[in-house]
Amino acid sequence: MQIKVKCSCGEGNCPEWAIVELQGVVEAQPAVQDRLQNLEIGVLCRSSSQGNYTFTVGYHELTGSKVPLKKPMLVLKKIKLLGANEKTESESSRVELEVIGIIRHRILFKARPKALISSSHPNVKERMGAPGFLVPNE
Amino acid sequence: MEQPLFCHRRGAEAVLTLQPNTSISIAYHPRFGPHDDLILLELDEKLIPDILHERVTLRGQPDEDAVLCTQLKTYAVKFVGTSNSVFLIPPSDQSVSHEKPLDCDEKDHDKMVIASVIKVAPGSMELIEVAPRLDKLKLLLSENPYGADEVIEVEDLEGMEKINTGLYRWDDLIERVQASDEELRSGLRALSAVEIDGYWRIVDEKYMDGILNMLFHNLILNDWSYNALNEDEVVGVLELDGYPRKVACHCLQVYASKVDGVASGSCLWKLDEKRVCLHFARGILRGGKKKMESFMEEWIRKVPEGMQVNFNMLEGEVLIEKLGIESWVYAFSVSSLPSTPADRFSILFRERQKWEWKDLHPYIRDLSVPGLSSDGLLLKYTRRTQPTLDAEPVFSAR
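These figures come from a predicted structure and were not determined experimentally. (Residues numbered from 1 in each chain as written. Chains lettered and ligands numbered in written order. Predicted model: local features only at pLDDT ≥ 70, side-chain atom pairs only at ≥ 80, totals over all residues. Heavy atoms only, no water.)

Engineer: Help me understand the overall build of chain A, please; the structure alone is not making it clear to me.
Structural biologist: Scanning chain A from terminus to terminus reveals zero helices and nine strands. Helices and strands in chain A line up, N terminus first, as β-β-β-β-β-β-β-β-β. Across the 138 residues of chain A, 41% fall into the buried class. Within chain A, counting contacts between residues at least 6 apart in sequence, those at least 24 apart form 70% of the total. Carbon and sulfur atoms make up 50% of the accessible area of chain A, which amounts to about 8000 Å² in all. (Helix = DSSP H or I, 4+ residues; strand = E, 2+ residues; numbered from the N terminus. Buried < 20%, exposed > 50% of the residue type's maximum accessible area, 1.4 Å probe, protein only. Contact = heavy atoms within 4.5 Å. Areas by Shrake-Rupley, 256 points an atom, 1.4 Å probe, with all protein chains shown as cover.)

Here it is, written out as structure tokens:
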């Protein structure tokens, strides 16, 4: 069988997506684990010097930079096509992949996070029940 | 009044064009979730135009590993996981901006720009160039070779539907064979397949024997020249004998080559001595192995007058076995062997434990693995020994 890879972007017009990548896992407090939508993860800042970036999640501050990807990545969406008489997905429904974006850069954070001792850091916006705290990968 | 910048953008562009000394909030998208239907595919820049112009497909049966095919090449698709948290941020959704742009001051935290994460990607797909998987093509086309039965069937079953088992059109082959269009065409050429009534067929060997015999019979009868066969005459005569035109033309294409630079009129063809002699040799050995002397005698006798046999014509097609003082020759054709290196070497070493280079070479020179040279192949799949410096190196299984 064949799965067609389609693209309605047109050459050079593929919307560019972004990636923020951390070595570690962001965990939400149990109270909000099931309702993550719209909650803030952290604040991303670009410093003035040499384009360094900081990402502050809870009381951890990460330092990183914007890095071009060695090879670009495409964002594909799997689409199940229903036949004319099918009302539900079945084994015989055909699948297509649609290109919906391209990624050429990521903001990569790979240094060990710095724990912020003081809770009132100028770049961190205090919010009610700040939901995230960072658990770094060892 | 200063132009408001980056107010309430909620997307990738806010992240990618973040100015020095500014900040944005990264939050979970209102529709954040697993989104298993979103896949990341890493690929070389040079493949991007093919994908954007919709010239790429994934091919394979549900029980096979998927491959991605451009028009020319085939790539295996592998998922590579990551233990990092990869936050995927889409561009802002222009259709969903309910708020009017507000005047916004960078220091005004209540109106900080938010970029939203739609998904945390578990990893991405990578492509590895691979050789096309053409063994299946031979298997499929061998289900129903075109032969004498076929022709009789058509004549006897007038008005009845021909039973279409083991018959494949181009579109059927594309669905089943994991190869690019170009590689599939090349594979069909390598099998000397012919398209008849829209179906791709391999011609049965015995049937081909019959056609060739008829051709040679007429060649002698009409005093035709091997080097200047007139296409219309040849095909005409074969058609009169009951061979379909398509098959007659195919016969010329397999056993002869077109003569260039002929003035207008019918095409001229020149018989390929090697291909013709090989055909007769294979016919002789179809019944089993033969003593070298008997084989050579029969071969010289059967080959059309004027053609010279040469044992070198049979490299990659026959093997010699020494039993006592006698040499026996038997058919062992490279075209009957699998095309994947591991399987190929496995069968070769099962046939014979040790091989000298001159015998081995014809049986592996058609192997192609992207990224692996022929020396690399030998290194990977064989053990090379050389008893003395003067002796021929010998290859055996690893």
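Read on for the rest.
Engineer: Where do I start with the interface of chain A and chain B in this structure?
Structural biologist: Size of an interface: often given as the accessible area lost when the parts come together. Opposite the 60 residues of chain A that make contact, chain B presents 58 residues. For the chain A and chain B pair, buried surface summed over both sides reaches about 5300 Å², with 59% attributable to carbon and sulfur atoms. Linking chain A with chain B are three salt bridges. A salt bridge links A:K71 to B:D44; its shortest N-O distance comes to 3.8 Å. Mapped by element, the contributors of at least two residues to the side of chain A that touches chain B are β1 (2–7), β2 (18–22), β3 (24–28), β4 (40–46), β5 (52–57), β6 (60–81) and β7 (94–109) of chain A. Residue classes in the side of chain A that touches chain B are distributed as 33 nonpolar, 13 polar and 14 charged. Relative to strand β2 (residues 38–42) of chain B, β6(A) runs antiparallel, the two being bridged by five bridges. When the sheet's bridge partners are listed, A:V75 is paired in β2(B) with B:L40. (Buried area = accessible area lost by both parts, 1.4 Å probe. Salt bridge = Lys/Arg side-chain N within 4 Å of Asp/Glu carboxyl O. Nonpolar A, V, L, I, M, F, W, Y, C, P; charged D, E, K, R; others polar. Pairing = 2+ DSSP bridges.)

Engineer: Looking at this structure, how should I read the sheet that holds strand β14 (residues 290–291) of chain B?
Structural biologist: Backbone hydrogen bonds are what pair the strands of a sheet, in a parallel or an antiparallel way. Residue and element names in this part refer to chain B. Ordered by their spatial adjacency, three strands build an open sheet running β14-β16-β15, and the pairing between neighbours is antiparallel. Looking along the sheet, the strands with just one partner apiece sit at the ends: β14 and β15 (318–323). With two bridges joining them, β14 and strand β16 (residues 326–331) adopt antiparallel strand pairing. Looking at the pairing, K291 lines up with W328 of β16.

Engineer: Mind showing me how you'd approach helix α8 (residues 231–240) of chain B here?
Structural biologist: Since the α-helix turns once every 3.6 residues, residues separated by three or four places project in the same direction. Residue and element names in this part refer to chain B. Residues E231, V234, V235, V237 and L238 constitute the buried set of α8. The arc that holds the buried residues of α8, viewed along the axis, is 160°, so those residues lie on one side. If you follow the buried residues of α8, they end up packed against α7 (205–221), β11 (229–230), α9 (245–255), β12 (256–258) and β13 (268–271). Measuring from the side-chain oxygen of the N-cap residue of α8 to the backbone nitrogen of D232 gives 3.0 Å; that N-cap residue is N230. (Arc of directions from axis to C-beta. Polar contact = N/O pair within 3.5 Å; in protein donor to acceptor, adjacent residues only side chain to side chain.)

Engineer: Can you walk me through the confidence of the model for chain B in this structure?
Structural biologist: One rule of thumb: low pLDDT means the predicted coordinates there are not for detailed reading. All names here are of chain B. Here chain B averages 87 in pLDDT, and 88% of its residues register 70 or above. Per-residue pLDDT stays below 50 along residues 1–7; that stretch engages in twelve contacts with residues further than four places along the chain or on separate chains. Predicted confidence for residues 94–110 stays below pLDDT 50, and this span has 17 contacts to residues more than four positions away or in other chains. We note a pTM of 0.81 for the whole complex and an ipTM of 0.83 for its interfaces. (pLDDT = per-residue confidence, 0-100.)

Engineer: It is not clear to me how the sheet that holds strand β17 (residues 355–356) of chain B should be interpreted in this structure. Could you clarify?
Structural biologist: All names here are of chain B. Here we have three strands laid out as an open sheet, ordered β17-β19-β18, and antiparallel in their pairing. For this open sheet the edge positions go to β17 and β18 (382–385), each flanked by a neighbour on one side alone. Taken together, the two bridges between β17 and strand β19 (residues 394–397) define a ladder with antiparallel strand orientation. Residue E356 lies in a different strand from β19, and its bridge partner there is V394.

Engineer: Explain the pattern of salt bridges here, please?
Structural biologist: Note that side chains of opposite charge can pair when their charged atoms are close. Residue and element names in this part refer to chain B. A full pass over the atoms with the stated rule returns 26 salt bridges over all chains. We note a salt bridge from R282 to E205, for which the minimum N-O separation is 3.0 Å. Placement of the pair is R282 in helix α10 (residues 273–285) and E205 in helix α7, with a sequence separation of 77 residues. Among the residues examined, R282 registers a relative accessible area of 27% and is labelled partly exposed. Given the relative accessible area of 32%, E205 is considered partly exposed. Between R365 and E315 there is a salt bridge, with its nearest N and O atoms 3.2 Å apart. One end of the pair, R365, is in the loop between α13 (357–364) and α14 (374–381); the other, E315, is in the loop between α11 (292–302) and β15, and 50 residues separate them in sequence. Here the salt bridges share partners, and the residues they tie into one network are E205, D209, R282, R286 and E317.

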